Amino acid sequence: MRRLPPVLIEDGCPRDLLSLIRTILAACKEISFRVSQGELSGVLGSTLDENIQGETQKKLDVLSNQLLKDILLESGYVKAIASEEEDYTVAGNPDAEYIVAFDPLDGSSNTDINSLVGTIFSIMKAPKDKAADDQSIFMQAGKHQVAAGYVLYGPSTMLALTIGKGTRLFTLDRTHGSFLLTEDKVAIPEDTKEFAINASNQRHWLAPMQNYIADCLAGEEGPRKKNFNMRWIACMVGDVHRLLCRGGLFTYPEDTKNPEKPFKLRLLYEANPMAMLVEQAGGAAYAGLDRILDIEPQEIHQRVAVTMGSKNEVEICLDYHK
Ligand SMILES: O=P(O)(O)OC[C@H]1O[C@](O)(COP(=O)(O)O)[C@@H](O)[C@@H]1O
Ligand SMILES: [Mg+2]
Ligand SMILES: [Mg+2]
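Residues numbered from 1 in each chain as written. Chains lettered and ligands numbered in written order. Predicted model: local features only at pLDDT ≥ 70, side-chain atom pairs only at ≥ 80, totals over all residues.

1. Concerning the UniProt feature "domain: Fructose-1-6-bisphosphatase class 1 C-terminal" (unreviewed entry) in the chain
Part 1 of the reasoning: Here the UniProt-annotated "domain: Fructose-1-6-bisphosphatase class 1 C-terminal" (unreviewed entry) positions come out as residues 188-321.
Part 2 of the reasoning: The straight-line gap between the two end C-alpha atoms of residues 188-321 is 23 Å; of that span, 34% is helix and 17% is strand. (UniProt positions renumbered as here; feature names shortened; annotations may be inferred. Helix = DSSP H or I, 4+ residues; strand = E, 2+ residues; numbered from the N terminus.)

This is how it looks when you write it as structure tokens:
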């Protein structure tokens, strides 16, 4: 089976981008090990701290962030980083070519129940005219990402990666510590009978989403004339991985539960990298009626609505909103 570096070199991946990706993966392998050790590595449970978004930090959130931050800043490959667990961007090597935004541990609520968690990353070119400590250095639309990926810490540890030439899946071979190519050309089926949404928020959704889900639930007897299945892993990496494996629709829509926080998922290090992976696999990714990758960010922890997955199903869902 082919290893990650030769696969990317064949794709024309620049050497320093490859080195940067391998640096991120070195930290992910360490996170994978700690996650797999569970209680034995003393990383389960919460800290007493909150991040800037008012969320309680799990010990694994903090540890994963520290591992990624240290290795990236020491590597010299990044001009700046942005992380879910950092209040502001952090300056790196002023001469470096790239910037990286990441969610060090996605699906935090799953850590204590031995369920799926992951790491998400987004790589962009560093603007030459901005200093490393300029907080606006990440204000670029997702279509400018040069690479995006996630590492899923599940029964096996898997990497989904795109450098803009399709989406590939790799599986971590624990005997040698390398990522091996296990799916060369991910192709999300255009149609699906499966959706993923946190249904406990149903009463807070806007009317179009209420109607769309109601019609899915109506099954064969309803206007969609087919029965749907529902899945919710409570870890975006796990839910998006299912989209890449067998299609489906994943959505975290706008809701009215807390008027100050109508959206849940973050643009820079959740929606953007996942949208690139999904589009590169032939799927679609929207925030309301806007293509996610076209959104110009206003701040690093900006949140957006997210609907992504099988192309035709995403379009049907969008039609309810027009
Ligand atoms: O609590 P809910 O509504 O199930 O939210 C689950 C969503 O929140 C997230 O866990 C947010 O990510 P973090 O764990 O990185 O904060 C997503 O992975 C997931 O889709
Ligand atoms: Mg997350
Ligand atoms: Mg997180």
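2. Quick notes on the site of ligand 1
Part 1 of the reasoning: In the neighbourhood of ligand 1, the contacting residues comprise Glu 84, Asp 103, Asp 106, Gly 107, Ser 108, Ser 109, Asn 198, Ala 234, Cys 235, Met 236, Tyr 252 and Lys 264.
Part 2 of the reasoning: Each residue belonging to the shell around ligand 1 can be placed in one class, and the counts come to four nonpolar, four polar and four charged.
Part 3 of the reasoning: In terms of domain composition, the shell around ligand 1 takes at least three residues from each of domain 1 (4-183) and domain 2 (194-320). (Near = placed C-beta within 6 Å. Nonpolar A, V, L, I, M, F, W, Y, C, P; charged D, E, K, R; others polar. Domains from an automatic or database assignment.)

3. As for the packing of helix α5 (residues 236-246) against helix α6 (residues 267-280)
Part 1 of the reasoning: Put simply, α5 and α6 touch, their axes get as near as 11 Å, and they point 15 degrees apart. Of the possible angle classes, the one that applies to α5 and α6 is roughly parallel. As α5 runs across α6, the sense of the crossing is right-handed. For the pair α5 and α6, contact is made by Met 236, Val 240, Leu 243 and Leu 244 and by Glu 270, Met 274, Leu 277 and Val 278, respectively. (Axes fitted to C-alpha atoms, helices over the stretch in contact; angles between N-to-C directions. Parallel < 35°, antiparallel > 145°, perpendicular 65-115°, else oblique. Left-handed = near helix turned anticlockwise from the far one by under 90°. Contact = placed C-beta atoms within 7 Å.)

4. Notes on the sheet that holds strand β12 (residues 229-230)
Part 1 of the reasoning: An order of β12-β11-β13-β18-β15-β16 is seen for the six strands of this open sheet, with the pairing classed as mixed. Here the strands that pair on one side only, and so sit at the sheet edges, are β12 and β16 (290-291).
Part 2 of the reasoning: This element, α6, spans β15 (284-287) and β18 (306-309) of the sheet and lies at about 150 degrees to β15. (Pairing = 2+ DSSP bridges.)

5. Structural notes on the environment of Asp 319
Part 1 of the reasoning: Residue placement: Asp 319 occurs in helix α7 (residues 311-320).
Part 2 of the reasoning: Residue class for Asp 319 comes out exposed when judged on the 10 C-beta atoms lying within 10 Å of it.
Part 3 of the reasoning: Expressed as a C-alpha distance, the spacing of Asp 319 and Phe 250, which sit 69 residues apart in the sequence, is 16 Å. (Buried ≥ 20, exposed ≤ 12 C-beta atoms within 10 Å, placed from the backbone.)

6. Topic: unusual backbone geometry
Part 1 of the reasoning: Of note in the backbone geometry, Asn 114 takes a positive phi value of approximately 55 degrees without being a glycine.
Part 2 of the reasoning: Along the chain, Asn 114 turns up in the loop between β5 (98-106) and β6 (117-125).
Part 3 of the reasoning: Unlike most non-glycine residues, Lys 225 shows phi in positive territory, near 55 degrees.
Part 4 of the reasoning: For Lys 225, the location among the structural elements is in the loop between α4 (207-217) and β12.
Part 5 of the reasoning: For Lys 225, a count of 10 C-beta atoms within 10 Å puts it in the exposed group.

7. So, the nonpolar core
Part 1 of the reasoning: With 95 residues, the main nonpolar core has Val 100, Met 274, Val 278 and Met 308 as its most contacted residues.
Part 2 of the reasoning: Of the residues forming this core, the biggest block, nine residues, is contributed by α6.
Part 3 of the reasoning: Mapping this core onto the domain boundaries places at least three of its residues in each of domain 1 (4-183) and domain 2 (194-320).
Part 4 of the reasoning: Excluding anything up to four places from it in sequence, Met 274 contacts Ile 120, Met 236, Val 240, Ala 285 and Met 308. (Core = buried A, V, L, I, M, F, W, Y, C linked by C-beta atoms within 7 Å.)

8. A look at the domain arrangement of the chain
Part 1 of the reasoning: Taken as a whole, the chain is organised into domain 1 (4-183) and domain 2 (194-320).
Part 2 of the reasoning: Tallying the contact residues gives 34 residues for domain 1 and 28 residues for domain 2.
Part 3 of the reasoning: Elements supplying a minimum of two residues to the side of domain 1 that touches domain 2: β5, β6, β7 (145-153) and β8 (157-162).
Part 4 of the reasoning: When the residues that make up the side of domain 1 that touches domain 2 are grouped by side-chain class, the tally is 16 nonpolar, 14 polar and four charged.

9. Brief notes about the sheet that holds strand β3 (residues 78-83)
Part 1 of the reasoning: Pairing in this open sheet of eight strands is mixed, and the strands run β4-β3-β5-β6-β7-β8-β9-β10 from one edge to the other. The open sheet has two edge strands with one neighbour each: β4 (90-91) and β10 (178-183).
Part 2 of the reasoning: Looking at chain direction, β7 and β8 are connected through six bridges and run antiparallel. In the strand pairing of β8, Leu 152 is matched with Met 158.
Part 3 of the reasoning: Sitting on the sheet, helix α3 (residues 59-75) is in contact with β3, β4, β5 and β6, with an inclination near 160 degrees to β5.

10. Some points on the UniProt feature "binding site: Mg(2+) 1" (unreviewed entry) in the chain
Part 1 of the reasoning: Following the UniProt record, the feature "binding site: Mg(2+) 1" (unreviewed entry) maps to Glu 84, Asp 103 and Leu 105 here. A maximum C-alpha distance of 8.8 Å among these annotated residues, which run over 22 residues, shows that they cluster at one spot.
Part 2 of the reasoning: Within the fold, Glu 84 resides in the loop between β3 and β4.
Part 3 of the reasoning: When the 26 C-beta atoms within 10 Å are taken as the criterion, Glu 84 is described as buried.
Part 4 of the reasoning: Considering the arrangement of structural elements, one finds Asp 103 in strand β5.
Part 5 of the reasoning: What makes Asp 103 buried here is the crowd of 29 C-beta atoms within 10 Å.
Part 6 of the reasoning: Ignoring any residue separated from it by four or fewer positions in sequence, one finds Asp 103 in contact with Glu 84, Thr 119, Ile 120, Tyr 269 and Glu 270.

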